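Next come the chains, spelled out residue by residue.
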Amino acid sequence: VVRDGRSNTSILYFRMNEKLLGIGQTASVMAESSAIVQALKSGGAGDIEKANALLDRFRKVHEVDVCYLLNAKGVTIASSNRKDPVSFVGDDYSFRPYFKEAAQGKDARYFALGNTTNTRGYYASAPVLDHAGRVLGVAVIKKNLDSLEEEMRLMPYAFFVSPEGVGFLSGRKEF
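Bear in mind that the values here come from a model prediction, so they are computed numbers and not experimental data.

**Concerning the environment of V64**
If you trace the backbone, V64 turns up in the loop between helix 3 (45–62) and strand 1 (66–71). Sequence spacing of V64 and Y122 is 58 residues, and the spatial spacing of their C-alpha atoms is 9.9 Å. Excluding its chain neighbours within four sequence positions, the residues that come into contact with V64 are I23, F58, R59, I141, K142 and K143.

Rendered as structure tokens:
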């Protein structure tokens, strides 16, 4: 039982890293894009549209659920889901830890239930900086965790607990 538990833990660790590690790096690259910086600087419709196009490409290439851009107040100004019935554009995420940390100039990672979509996700964010190093806003990526949950069904006693002690992900509904 102990050997199986250790083996399952190792497998889950590597699978989670494989699926989630690159997302944080991608958020950092996204935050450094000139289109993202310019959209936050100007707020002009043309610059916002260029940022939207870039967010669309990041979402598609990296196979994530949504990429979005928050201004310095935490309000979404551009998003890859802007045309969806449940768009993030105009929503205020200033209360989210991934925004608060990035607004202080630090990359952030966060597991949470989506406030708008009500779906579980892994959020990675990075500060968007101007040439002087001031935070203009925050670039965010959300990855749905359903595929990880499917894999966890093969390990009936495995579950993921958030730092707050909440059972967040498991192959068994009762967990």
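Having put the structure on the table, let's press on.
**Topic: the side chain of K142**
Here K142 lies in strand 5 (residues 135–144). Within the buried core, K142 has no salt-bridge partner, and the shortest N-O distance to an opposite charge, that of D65, equals 6.0 Å. Looking at K142, its side chain comes within polar contact range of the side chain of T117, at 2.9 Å. If we skip the residues at most four places from it in the chain, K142 touches V64, D65, V66, G114, T117, T119, R120, G121, Y122 and Y123.

**Quick word on the pairing of strand 7 (residues 167–170)**
Where strand 6 (residues 159–161) and strand 7 come together, 3 bridges link them in antiparallel fashion. Each residue of the ladder has a partner; that of F160, found in strand 7, is L169. Connecting the antiparallel pair strand 6 and strand 7 is a turn made up of 5 residues, with G165 showing a positive phi of about 90 degrees.

**What about the packing of aromatic side chains?**
Scanning all chains against the criterion turns up 6 aromatic pairs. The interplanar angle of 50 degrees and the centroid separation of 6.3 Å between the aromatic rings of Y98 and Y110 together place this pair among those described as tilted. Taken together, the positions of Y98 in helix 4 (residues 97–103) and Y110 in strand 3 (residues 108–113) put the pair 12 residues apart, joining distant regions of the chain. The two residues Y98 and Y110 agree in class, both being buried. The interplanar angle of 5 degrees and the centroid separation of 4.9 Å between the aromatic rings of Y98 and Y123 together place this pair among those described as stacked. Remark: Y123 occurs in strand 4 (residues 120–129) and Y98 occurs in helix 4; sequence separation between them is 25 residues. Overall, the relative accessible area of 3% leaves Y123 in the buried class. Taken together through their ring pairs, the aromatic side chains of Y68, F88 and Y93 make up a single cluster. Against the face of Y123 rests R96, its NZ or CZ located 5.7 Å from the ring centre.

**Notes on helix 1 (residues 2–31)**
With 30 residues, helix 1 extends 43 Å from end C-alpha to end C-alpha; this agrees with the ideal 44 Å at 1.5 Å per step. Remark: the principal bend of helix 1, roughly 35 degrees, maps to E18. Among the residues making up helix 1, those that are buried are L12, M16, L20, I23, G24, T26, A27, S28, M30 and A31.

**Thoughts on the nonpolar core**
Formed by 37 residues in total, the largest nonpolar core has its most connected members in L20, L69, F111, V128 and L145. A per-element tally of this core places helix 1 first, with 7 residues. When residues no more than four places from it in sequence are discounted, the contact partners of F111 are M16, L20, G121, Y122, L145, F160 and F168. In this structure, L70, F88, Y98 and A102 belong to the second largest nonpolar core, which totals 14 residues.

**Let's talk about the pattern of salt bridges**
Two side chains bearing opposite charge may form a pair once their charged atoms approach each other closely. Inspection of every chain in the model, using the stated rule, returns 3 salt bridges. Across the pair R82 and D56 runs a salt bridge whose closest N-O atoms are separated by 2.6 Å. Of this pair, R82 sits in the loop between strand 2 (76–79) and helix 4 while D56 sits in helix 3, placing them 26 residues apart in sequence. Overall, the relative accessible area of 26% leaves D56 in the partly exposed class. Bridged by salt links that share partners, the residues E49, D56 and R82 form one connected network.

Each value, and the rule that gives it
- Residues numbered from 1 in each chain as written.
- Predicted model: local features only at pLDDT ≥ 70, side-chain atom pairs only at ≥ 80, totals over all residues.
- Heavy atoms only, no water.
- Helix = DSSP H or I, 4+ residues; strand = E, 2+ residues; numbered from the N terminus.
- Contact = heavy atoms within 4.5 Å.
- Buried < 20%, exposed > 50% of the residue type's maximum accessible area, 1.4 Å probe, protein only.
- Lys, Arg positive; Asp, Glu negative; His and termini not counted.
- Salt bridge = Lys/Arg side-chain N within 4 Å of Asp/Glu carboxyl O.
- Polar contact = N/O pair within 3.5 Å; in protein donor to acceptor, adjacent residues only side chain to side chain.
- Pairing = 2+ DSSP bridges.
- Phe/Tyr/Trp six-rings, centres within 6.5 Å; stacked < 30°, edge-to-face > 60°.
- Lys NZ or Arg CZ within 6 Å of the ring centre and 35° of its normal.
- Expected span 1.5 Å × (residues − 1).
- Bend = angle between axes of the 7 residues up to and from the residue.
- Core = buried A, V, L, I, M, F, W, Y, C linked by side-chain atoms within 4.5 Å.

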